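Structural description and commentary
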Amino acid sequence: MTPVQPIQQAQLPPSFYGLSRDQLASHLVTHGLPTFRAQQLFSWVYQKHERHPLAMTDLPLSFRGRLEELCDLRLPPAEAVLATPDSATHKFVLELAGGARVECVSMRTTRRLTFCLSSQVGCALGCAFCATGLMGLKRNLAASEIVGQVVAMGDFHRWQDERFNIVFMGMGEPLANYKALMDAIRILRDERGLNMGARRITVSTSGLVPQIRKLAGEGLQLGLALSLHATTDELRDRLVPVNRRWPLRELMAAAREYGERSGRRVTLEYTLLAGVNDRPEDAARLADMARALPSKINLIPYNPVPGLEWKRPDHRAVEAFAHRLMPRAPAVTVRRTLGGEIWAACGQLGGLGA
Ligand code: SAH
Ligand code: SF4
């Protein structure tokens, strides 16, 4: 009897968006093409925002004809795009290979356009007030799926903005998907590509201390935001369970190292939960913590998540907390809530409203 042969799966080409320029060049070389084609492709896709082989007029026809078998230029399709009534915030639900969905958000203020990216589908860390945490971790995103979010949102906005900022504050813990995160950042920073300065990219973490230290060693001026939310280990253990592994003392030491090595102030994110972490003594401790390193405080009034009992403090309580901090802390801002109407505000990504 002849053994049943496994069906040969056609080798799918790699996604364009997951390859650095060097990786693309080596890939093209293995197909007998010169390395400078990689530079030309980067320029077409990331600078002229043109992905159709027909449009790439300075490339030989023979190469254009093979492009689709060499690399996959398709973006994850948007299953839904939701806009706030003022059109300042858009939430994108992108469909990924394998059927998973990921959400990302664009926010326009008078000063700038910001893209809020996801790094994982769901999240394993289970912070007590976060919709993504309720989903558990479904899977990590590939670098191509991270860069793909930027290109999809840039296309939607027709690349009108010469500069935009990126914050890794969507679904997932970016430092738990370290390699894909750094691969994506390398691609986004490529001067022959989107040419994003590291200073315009901020990574937000719930506090994975070894990875914060590793990031400090990368020698990049990336912004780092730390999800602090509590000033005692007792409360932080409850709100941000990863604190049980790396308590405040270790976390603040790593944050300080990051601030000193990167030359950038670390943002201390503090989600205000009424009656839980918004008392005067919390403000006093938070100000002291902020003074111990180059930092700024960003207060985030809690955004409601269905099924969770936390309460958002009213406007006056937020102001009062900020005013208690101000004379003692280096810098304090209150994050504007953008996108609450479409379940796109901080902590609300996770299949709500779409
Ligand atoms: N996973 C990363 C990025 C998360 S989103 C992190 O945890 O840092 C950005 C910020 O929103 C984090 O500080 C997160 O703790 C906070 N957040 C989560 N749920 C929230 C909610 N319901 N309301 C307000 N902020 C929330
Ligand atoms: Fe994960 Fe961040 Fe949500 Fe915590 S706040 S569950 S780390 S996405």
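Residues take numbers from 1 onward in each chain, read along the sequence in its written order. To read the labels, note that chains go from A and ligands from 1, taken in the order they are written. Local features are withheld for residues below a pLDDT of 70 in this predicted model, meaning they are given only at 70 or higher, and side-chain atom pairs are given and counted only at 80 or more; totals for whole chains, interfaces and linings count all residues. Processing note: side-chain calculations cover all non-hydrogen atoms of the structure and skip hydrogens and water entirely.

Selection criterion: UniProt positions are given in the numbering used here, feature names are shortened, and annotations may be inferred rather than shown by experiment.
As annotated in an unreviewed UniProt entry, the protein chain carries the name Probable dual-specificity RNA methyltransferase RlmN and is attributed to Eiseniibacteriota bacterium. In the Subcellular location (unreviewed entry) part of its UniProt record, the protein chain is described as follows: "Cytoplasm". Heading Sequence similarities (unreviewed entry) of the UniProt record for the protein chain holds this comment: "Belongs to the radical SAM superfamily. RlmN family."

1. Thoughts on the overall build of the protein chain
So the rule is basically this: Here a strand is any run of E in DSSP of at least two residues, a helix any run of H or I of at least four, and the numbering for each starts at the N terminus. Radius of gyration means the value over C-alpha atoms here, while the globule rule gives 2.2 Å times the residue count to the 0.38 power. Burial classes: relative accessible area under 20% of the type maximum marks a residue as buried, over 50% as exposed, and values in between as partly exposed (1.4 Å probe, protein chains only). Each accessible area is a Shrake-Rupley estimate made with a 1.4 Å probe; only the visible protein chains count as cover when residues are assessed. Under the counting rule used here, the positive set is Lys and Arg, the negative set is Asp and Glu, and His together with the chain ends is not counted. By convention, the charge on Lys lies at NZ, on Arg at CZ, on Asp at CG and on Glu at CD.
Within the protein chain, the regular secondary structure consists of 11 helices and 12 strands. Here the C-alpha radius of gyration of the protein chain, 22 Å, is about what a compact globule of 354 residues would show, namely 20 Å. Once the C-alpha set of the protein chain is aligned to its principal axes, its extents read approximately 70 × 50 × 45 Å. Buried positions account for 53% of the 354 residues belonging to the protein chain. About 16700 Å² of surface is accessible on the protein chain, with carbon and sulfur atoms providing 51% of the total. Between the mean site of the 44 positive side-chain charges and the mean site of the 34 negative ones, the protein chain shows a separation of 3 Å.

2. Quick notes on the site of ligand 1
Note the threshold: Neighbouring residues are identified by heavy atoms, a residue being near a molecule or strand if any of them is within 4 Å of it. Any N or O atom pair separated by 3.5 Å or less is treated as a polar contact, with the protein-specific requirement of one donor-capable and one acceptor-capable atom, and with residues adjacent in sequence counted only for side-chain atom pairs. The nonpolar class holds Ala, Val, Leu, Ile, Met, Phe, Trp, Tyr, Cys and Pro. Asp, Glu, Lys and Arg form the charged class, and all remaining residues, Gly among them, are polar.
Around ligand 1, the surrounding shell holds 20 residues, and the nearest of these are F129, G172, S204, S227 and H229. In this structure, S204 approaches ligand 1 through a side-chain N or O atom, which is 2.7 Å from an oxygen atom. For ligand 1, whose accessible area on its own is 540 Å², the fraction buried by protein is 96%. Residue assignment for the shell around ligand 1 shows that the elements contributing at least two residues are β8 (201–205) and β10 (266–272). Looking at side-chain class alone, the shell around ligand 1 contains eight nonpolar, 10 polar and two charged residues.

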